[in-house]
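# Structure at a glance
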Amino acid sequence: MFNRKVACATVTRRLTLFALLAIAFAAQAQGPSAHWRTIETAHFRVHYPADYEAWATRAASRIESIRAAVVKEVGFDSPQRIDVVISNPVAAPNGYAWTILDAPRIIFYSEPPGPDEQIGTYSDWIDLLAVHEITHIMHMLRPSRNPLQRAVERFVLPFDPITLTAPRWVLEGYATVIEGRLTGAGRPPSAMRAVVLRKWASSGRMPSYSQLNSDSRFLGMSMAYLAGSAYLEWLERRTGEGSLRRLWARMTARQRRSFRNAFIGVFGDSPDRLYGQFVAELTASAMTVNRSTDLRDGELWQETPRASGDPAVSPDGSKIAVVIRARNKPSRLVIWSTGPAAEERKRFEERVTKMIARDSEDFPPVSMKPLPRRVMHSMTPQDGGDVETPRWTRDGKSILYSHRQPDGEGFLHHDLFLWTPSTGENRRVTRLADVFDADPLPDGHSAVAVRSRYGLSQIVIIDFATGAVRDLMQPSLETVYSHPRANRDGSQIAYVAHNKGTWSLFVRDAVVLSGVNVASPEWSDDHIFATVLAGGFAELHRIALNGDHEPITRSPGGAFEPAPAPDGRVFFMGLNPDGFVVRVIDAASTAPATPAYDRTLVPALPPVMSAPPIFASQALPQPRAYGIGRQESAWLVGEAVAPNQNATEIGVRIGDVVGRLDTLAVASIGRENAQRGVGVASTWRGWPIAISGHAFTANDDLVKRNGLEVRGSWMWHAPLSTFSIDAGGLTGKPLDIGFAEASFRQRQIVSTWRANEEIRITAEGGSITHYRGIARASLRGGAFSMAGEVQHDEARHDGIDVGGIESSILPRSAIPNRVFDPALPIGTLSGRRHDGTRVELNLPFLPATMFYQRHRTDTTSLSLAGLQVTLVSNATPILRLPALDVTAGAARILDEPLRNRTKWWFAMRWRP
């Protein structure tokens, strides 16, 4: 017989062990278990992990001043207090605004952008980020003036008409317009916006109006910001100042209108027709700019897809490494020869000769582009992540590159790897060091790199053997560093640094070039090649150490990431509407100067921005410990309809914005054989091990349960795998059990396919003794995927029941011996043993998953096949939402006792 005291003591010892292990690996925490703190201002609550205090304090000190400027510009002042959460979960610059009427949120990512990114032109990264996201809040929190709509906003759907009806290009475009006006920087006055719009327009490749919101083509999702902001500026110039405010007023008016009708009432015609006129005028301006001087952008050397780039020429000049980034495929680092494509040309001509020999009336294809080059070596990271800024070691044998890796909580950090193509060895140099953009030094055992940690930037030295990081410059909040590069003998390091609104070129801490934005400097003998972004152009310049510089390109689409070769050529990335391509130009060439500025050509050239306001800093109160956070409530409704089951669930979620303490209370009104009762579950995530309690009373036609479950959960992320352990106990009537579950998931890249494997083992002992093992494997390539799963259950006391759906009011441990299948009524099959087999297939043209399922208990088996849609969402405390499982589908039963019957279902299950 199961001894409860012994089991509880065993569970306690195991939980203690798990806690010690988790605490040991929690140093990089950004999740709820981090040391969160809060700064409160008049209109904001700023929450941040303690390590980000310098960045957060800087943001909080200016945020009220920024809000006041946004309110004045937008023309609306929302009274709600805004929660701001600061972190850096993916080691990339970004921000989000959640415009819930009664609980607006903002998320700031502290990672600053580089100089040649779309958002790389900024006066101050924190200011730019805050202006853009606060604009979203003030723009999209205008309540409707229609009484009925106001009631809906308050009690049903807490979003205003602008949020619900305005297209994405309006929402993102308007925030981009305001970011330019209030900071004098951002995308509107940047060279990048002008370069992209000019190149797309002159190529006849501007997105159509229907593509403006979302487009799978290269930079398609960015067009809501770039083209959307330019279109709104054009509309306002055409109709007059204040026209955009009139549009927002009409969209929230007492008389309800669609976006299209509100738009026509302000601008006199439909948005799609006026957008066509805008594109026509932009195209004419772009062609005028391109005809104003002779274009010199070298020779197309190799076509590459989408966001490919980061070229690096080997020290002897014989090879070039390029990162290939194709859609729906993992990034790949390839190496090509820099010599003539003689072998490729020979093979091409042989194929043409054979073709003509088979059909003398055929014609050979016109060859106007370089032939695809033979790949000498190729490397794809095992986890399928990106490869960034590859650089050859000085002996030309290996390539140092950066690649983001997860910490124990799954948050990403920049790290360095060393790949040796001749042997295939790929060694990790650093571990969670937050270092990238590295350049090997001539000593052969170290590199200079950028470290970006907790929102602070610095230049450091990395030791190849140990991964140790040594400061070369102190961490800075005011200065952002990029692209450090050492000259041939290592005596001088060139880099660009952002301070007071400009990316300037430095060599040994001395300014070489300022007043324009400089990106990607690379040494060539005693001078430097770099991209200079100024006046709406992005061109390669040859820069002397005394600051003298002259352009070597005059391109229609921009020239980026120079890679000088010893033979006097410079490889670089040219921008096309289908992606970046590799081009090459003579390093000694000189291009004509960019044309004089003509404001009538905006947005083919950037607008001149007026002097931005100075955002004042204010004194702040002392930060306080976050504790359990401010507890908020939100109502929830769920529905479950399945064979012989029908239940409606009504509940409330109480929790904080970070997700430290989540409580979920749900009542289920069950009909037929569905669960009836009440459950209250609460989870504390303020420690590395999440502790949950779940009290319940429930029953269906087979069982009646009431009791309390206590559970501890711990998860550990590694680059290619995830390991988790759950353990605890349940006491109540008629059950007293202890349980433990362990799962291991692994993923890898096989050519262009992503493979995942998972093993999960569960054991319960006590009033019911039950064991379960599940193994699953899947393979995905683009929109196609297939998966297989096997499951084995064994019970020593009560039998195993197959069928039914899960309920929000019950923990899984309360019905340990039930195998859920939404297509089957509860108890369709029963026995002491169960074996399950499942096969799934996803095809690009199907919106649902095809599946085949087989259950076998003792001597009885049953099979079914159908279509199913499944959604599994983790808790999203920023939106006041608990975790949610949704499944819907239909299946045909293939065996007795329900042979040839079709069953359908829809079920929701809430979890804290």
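Here's a quick rundown of the structure. If you're wondering where the values come from, they're calculated on a predicted model, not measured in any experiment.

Next up on the list: the overall build of the chain. The secondary structure content of the chain amounts to 12 helices and 49 strands. Against the 2.2 N^0.38 benchmark of 29 Å for 912 residues, the chain shows a C-alpha radius of gyration of 30 Å, consistent with a compact globule. Projected onto its principal axes, the C-alpha coordinates of the chain cover approximately 85 × 70 × 65 Å. Taking all 912 residues of the chain together, 56% fall into the buried category. Separation between the mean location of the 103 positive side-chain charges and that of the 94 negative ones in the chain comes to 5 Å.

Let's shift gears to the pattern of salt bridges. Going through the model one piece at a time under the given rule, you end up with 52 salt bridges. The partner of Glu53 in a salt bridge is Arg37, with the nearest N and O atoms 2.9 Å apart. Taken as a pair, Glu53 in helix H2 (residues 53-74) and Arg37 in strand E1 (residues 36-40) lie far apart in primary sequence, 16 residues in all. Given a relative accessible area of 23%, Glu53 falls into the partly exposed group. Relative accessible area serves as the criterion here: at 28%, Arg37 is assigned to the partly exposed category. Among the salt bridges present, the one from Arg812 reaches Glu806, with a minimum N-O distance of 2.7 Å. Accessibility expressed as a relative area gives 47% for Arg812, which makes it partly exposed.

Considering the arrangement of structural elements, one finds Glu522 in strand E23 (residues 517-524). The exposure class of Glu522 is buried, given its relative accessible area of 6%. Here the side chain of Glu522 touches Arg391 through a polar contact of 2.9 Å, side chain to side chain.

Another aspect to go through is H2. Its 22 residues give H2 an end-to-end C-alpha distance of 30 Å, which sits within 8% of 32 Å, the value for a rise of 1.5 Å per residue. Along H2, the sharpest kink reaches roughly 40°, centred on Ile63. Of all 22 residues in H2, 16 are buried; the element is thus mostly enclosed. Following H2 by one or two positions, Gly75 has its phi on the positive side, about 85°.

Right, let's talk about the sheet that holds strand E25 (residues 537-544) for a bit. Two pairing modes exist for strands in a sheet, parallel and antiparallel, and in both the strands are linked by backbone hydrogen bonds. Reading across from one edge, E23-E24-E25-E26 is the order of the four strands in this open sheet, with antiparallel pairing throughout. Single-partner strands in this sheet number two, and they are E23 and strand E26 (549-551). Taking the axes of each pair of neighbouring strands and ignoring which way they run, one obtains an average angle of 30° across the sheet. Note: E23 against strand E24 (residues 527-534), six bridges, orientation antiparallel. Across the sheet, the residue bridging to Glu522 is Phe529, located in E24. Packed onto the sheet, helix H7 (residues 191-202) meets E24 and E25 and runs at close to 125° relative to E25.

On the secondary structure map, Val516 appears in the loop between strand E22 (510-513) and E23. Sequence separation of Val516 and Gly501 is 15 residues, and the distance between their C-alpha atoms is 9.7 Å. Once residues within four sequence positions are removed from consideration, Val516 is found in contact with Thr502, Trp503, Val532, Leu533 and Ala534.

Turning to the sheet that holds strand E30 (residues 624-625), a few remarks are in order. Pairing within the open sheet is mixed, and its six strands lie in the order E4-E5-E3-E2-E1-E30. A strand with exactly one partner marks an edge of an open sheet, and here the two such strands are strand E4 (95-98) and E30. Where strand E3 (residues 82-87) lies against strand E5 (residues 105-109), five bridges are found, and the strand directions are parallel. Paired with Ile86 across the bridge in E5 is Phe108.

The rules we used
- Residues numbered from 1 in each chain as written.
- Predicted model: local features only at pLDDT ≥ 70, side-chain atom pairs only at ≥ 80, totals over all residues.
- Heavy atoms only, no water.
- Helix = DSSP H or I, 4+ residues; strand = E, 2+ residues; numbered from the N terminus.
- Rg over C-alpha atoms; globule rule 2.2 N^0.38 Å.
- Buried < 20%, exposed > 50% of the residue type's maximum accessible area, 1.4 Å probe, protein only.
- Lys, Arg positive; Asp, Glu negative; His and termini not counted.
- Charge placed at Lys NZ, Arg CZ, Asp CG, Glu CD.
- Salt bridge = Lys/Arg side-chain N within 4 Å of Asp/Glu carboxyl O.
- Polar contact = N/O pair within 3.5 Å; in protein donor to acceptor, adjacent residues only side chain to side chain.
- Expected span 1.5 Å × (residues − 1).
- Bend = angle between axes of the 7 residues up to and from the residue.
- Pairing = 2+ DSSP bridges.
- Axes fitted to C-alpha atoms, helices over the stretch in contact; angles between N-to-C directions.
- Contact = heavy atoms within 4.5 Å.

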